Amino acid sequence: MRKKNPQSLLIPAALLILGALAVRLQGINRSLWQDECWVANSVLSNTWRGMLYYDAWSQSTPPLFTSLIRVVISVTGPSDLAFKVLPLAFSMIAVVLFIIYSHKAFGGRLGLFCAAAFAFSQSFCAYSQELKQYSADLAIAVWILLILWRYADQESVSLYRSLVLTFVIAPFLSYTAILYIPLALIIIIMNPCSRKRAGRFVTSAGGAVAVCYLMFIYPNSTVNLKRFYEFPNFTSPATVISYYLRNSARLLGLLLQLPESLQKASLAMFLVAGAVAITGSVYPRRELRRCRLLVFSLVPLLTLIAANAAKQYPFGVPRVDLFILPSLVVVLTLATEIVFDNLGNRLPRRRFAPESSSHSLIVTGGLIVVLSISCCYLMRRRGLSMWEDAKSGVRYVVEHGGTSDLIYVHASASEQFKLYTKIFGSPTAPVSLGDTGWVCCPRDKDLALTNNNAAYMIQDFDAKVPRGIHKTVWLIYTGRWDHWARNLGRDEPAFMRKRLVDQGCGPGVSPLFHNFVVDRFSCR
């Protein structure tokens, strides 16, 4: 095996980091959308308890993550950019750590290509801009993989202590770190010098997980949160197989967003790549590095499936399963390496990092440009469907709403309205909050009543906007099609508008805001 030359990769790695940062800065100052707004509102709670056990929503965000956001906001003040600084920082930490990890795993230019596929994953780039814990999940996952790789290479007391400290702290920052405990235990047991430490590791990590679960996970695990995610139905083997094949295809969206018609083909290709990686690592001769990469990639994936089978964690939901991205990228890279080897195109590691710095820069620069353009395009497509310009909409209502007006805020826009009135100030007009059409997951709502009962929808709207009213009525709600068509299955805005028109209220003219609707009716 030829000696690695890490210095030859410094400039290409730096270009990769700068390219990844540039992509993530695109549109980072956009308004927060619904799922981000409730996290922001919890952070802005008056008390720490109010943040950790947010009364309006199921607090699924880890406590250390929200605490760090609260510290940032206490220094900078609340703003869209300030809320996104920490997720962006965690995403860049994940990129840097994965460059180191992929270099240790593959070396040279192949490791750089692996890191590029990771850094420019459209899902990773998009979730790096959201006020959610997903980028922290990924940073913690890569850190654990890196420290376990070092421990497997060279067992030492200092590395063991770092490993224990990681698993004591990490669950409070990223709940998905818990799913890496089986991998860590396997690595400790496989090393003859550290098997005696396995018991102490289980005690330390298990104690931290128990505290985290009893204090934060269990109190925030509401019925609505559990019902929101799909879990396998074990009525027959066929249904289980169908469930995991279907959700595995969705999970591959972490690598590349494809139309639903192509998801089965992408799953078949990945399964072939996985088979190539497994067989090529053990036949015709077993190679330690490749076998270790398989263990590091497949054990977290199998642990995720086991947690899903136990109905403890969703599988096939790209945003919450983002932490598994390193496993997917490494398996594909390993399969690529094996294919090149078996084709007789032996590409030693030094040739993946050519001595010609100009050639290396050209290849790296071209790769970054292509991936950046592709990633920006896909992020823009996703942003057009998910992003809500709630900031502009709420500001308009605050500035133009009269004292005698009535503002009706639908449940789909309640958290957005709550956040931006904290930033811009409250309107002078009275505000009524709707209680129908909730999305996942209000803490104390009966969604079977509020989302599926048409009579309750009529009753709630008439109670908040009485019939025969003589005022200017503002209706505020989300304009995202997936909320009404996919999540709710009924068009409540059409009902509200028709209800007001039937009362003789005339629709007024309001500006258009992206995926956020402000309707004004004059009821005289």
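Residues numbered from 1 in each chain as written. Predicted model: local features only at pLDDT ≥ 70, side-chain atom pairs only at ≥ 80, totals over all residues. Heavy atoms only, no water.

Attention now goes to the sheet that holds strand β4 (residues 506–507). The five strands lie next to each other as β2-β1-β3-β5-β4, forming an open sheet whose pairing is mixed. Only two strands of the sheet have a single partner each, and these edge strands are β2 (431–433) and β4. Here strand β1 (residues 406–409) runs beside strand β3 (residues 472–478); their pairing, made up of four bridges, is parallel. Directly across from I407, in β3, lies its bridge partner W474. Sitting on the sheet, helix α22 (residues 454–464) is in contact with β1, β2 and β3, with an inclination near 155° to β1. Here helix α24 (residues 492–502) sits on the sheet in contact with β1, β3 and β5 (516–522), set at roughly 170° to β3. (Pairing = 2+ DSSP bridges. Helix = DSSP H or I, 4+ residues; strand = E, 2+ residues; numbered from the N terminus. Contact = heavy atoms within 4.5 Å. Axes fitted to C-alpha atoms, helices over the stretch in contact; angles between N-to-C directions.)

With 131 residues, the main nonpolar core has F83, F98, Y101, F118, F167 and F201 as its most contacted residues. If you tally residues by element for this core, the top one is helix α8 (residues 134–153), at 14 residues. Residues contacting F98, with those up to four places away along its chain left out, are C114, A115, F118, V142, P326, V329 and V330. Listed in part, the 17 residues of the second largest apolar core include L406, Y408, V473 and F521. (Core = buried A, V, L, I, M, F, W, Y, C linked by side-chain atoms within 4.5 Å. Buried < 20%, exposed > 50% of the residue type's maximum accessible area, 1.4 Å probe, protein only.)

Here helix α13 (residues 237–251) contains 15 residues, and its C-alpha end-to-end distance of 21 Å stays within 8% of the 21 Å for a straight helix at 1.5 Å per residue. For α13, every residue scored as buried is listed here: V240, Y243, Y244, N247, S248, A249 and L251. (Expected span 1.5 Å × (residues − 1).)

All right, on to the confidence of the model for the chain then. Per-residue pLDDT for the chain has a mean of 86; in total, 89% of the residues score no lower than 70. Taken element by element, the chain is modelled with least confidence in helix α17 (residues 349–352), mean pLDDT 43, and with most confidence in helix α4 (residues 63–76), mean pLDDT 96. Every residue in residues 347–356 scores below 50 in pLDDT, and together they form 25 contacts with partners more than four places removed in sequence or on other chains. (pLDDT = per-residue confidence, 0-100.)

As a further point, take the pattern of salt bridges. The full count for this structure, using the stated rule, is 15 salt bridges. Between D153 and R292 there is a salt bridge whose closest N-O contact spans 2.8 Å. Separated by 139 residues along the polypeptide, D153 in helix α8 and R292 in helix α15 (residues 288–309) bring together distant segments of the chain. For R292, a relative accessible area of 13% puts it in the buried group. E155 is the partner of R197 in a salt bridge, and the nearest nitrogen-oxygen pair spans 2.3 Å. Taken as a pair, R197 in the loop between α10 (181–190) and α11 (198–217) and E155 in the loop between α8 and α9 (157–173) lie far apart in primary sequence, 42 residues in all. Judged by relative accessible area, E155 falls into the partly exposed class, the value being 22%. Here the salt bridges do not stand alone but share partners, grouping E287, R289, R290 and E337 into one network. (Salt bridge = Lys/Arg side-chain N within 4 Å of Asp/Glu carboxyl O.)

This part covers unusual backbone geometry. Look at K311: it is not a glycine, yet its phi comes out positive at around 60°. Inspection of the secondary structure puts K311 in the loop between α15 and α16 (325–342).

This brings us to a nonpolar patch on the surface. Side chains of V211, Y213, L214, M215 and Y218 sit close together on the surface and give an oily, nonpolar patch of about 500 Å² of accessible area. Here M215 lies in helix α11. (Patch = residues over 30% accessible without salt bridge, like charges linked within 9 Å, V, L, I, M, F, W, Y side chains within 5 Å. Areas by Shrake-Rupley, 256 points an atom, 1.4 Å probe, with all protein chains shown as cover.)

Looking now at the environment of M190. When you line up the elements, M190 lands in helix α10. According to the relative accessible area criterion, M190 is exposed, its value standing at 54%. Separated by 38 residues in the primary sequence, M190 and A152 have C-alpha atoms spaced 8.5 Å apart.

What follows deals with α24. Within the sequence span of α24, burial applies to E492, P493, F495, M496, R499 and L500. Along the axis of α24, the buried residues cluster in a sector spanning 160°; they form a single face. In α24, those exposed residues whose orientation departs by more than 90 degrees from the buried face are K498 and D502. Of the surrounding elements, those touching the buried residues of α24 are β1, α21 (447–450), α22, β3, α23 (481–488) and β5. Put simply, D491 is the residue that caps the front of α24, since its side-chain oxygen is 3.2 Å from the backbone nitrogen of A494. In the segment just after α24, G504 is the residue with positive phi, at about 90°. (Arc of directions from axis to C-beta. Polar contact = N/O pair within 3.5 Å; in protein donor to acceptor, adjacent residues only side chain to side chain.)

Closest axis-to-axis distance for the α13/α15 pair is 13 Å, and the angle between their directions is 130°. Judged on the interaxial angle alone, α15 and α13 are oblique. In this structure, the crossing between α13 and α15 has a hand that is right-handed. For the pair α13 and α15, the contacting residues are Y243, Y244 and L251 in the first and L301, I305, N308 and A309 in the second. (Parallel < 35°, antiparallel > 145°, perpendicular 65-115°, else oblique. Left-handed = near helix turned anticlockwise from the far one by under 90°.)

Among the seven residues that make up β3, seven are buried, leaving the element largely enclosed by the rest of the structure. Neither face of β3 is open: one carries T472, W474, I476 and T478, the other V473, L475 and Y477, and all of them are buried.

Turning our eyes to something else, we now look at the packing of helix α1 (residues 10–25) against helix α5 (residues 80–106). The interhelical angle for the contact between α1 and α5, taken along N-to-C directions, is 155°, at an axis separation of 10 Å. In terms of orientation, α1 lies roughly antiparallel with respect to α5. Note that α1 runs across α5; the crossing there is right-handed. Counted together, A13, L16, I17, A20, L21, R24 and L25 of α1 and L88, S91, M92, V95, V96 and I99 of α5 form the full contact between these two elements. Among the residues forming the contact of α1 with α5, the class breakdown is eleven nonpolar, one polar and one charged. (Nonpolar A, V, L, I, M, F, W, Y, C, P; charged D, E, K, R; others polar.)

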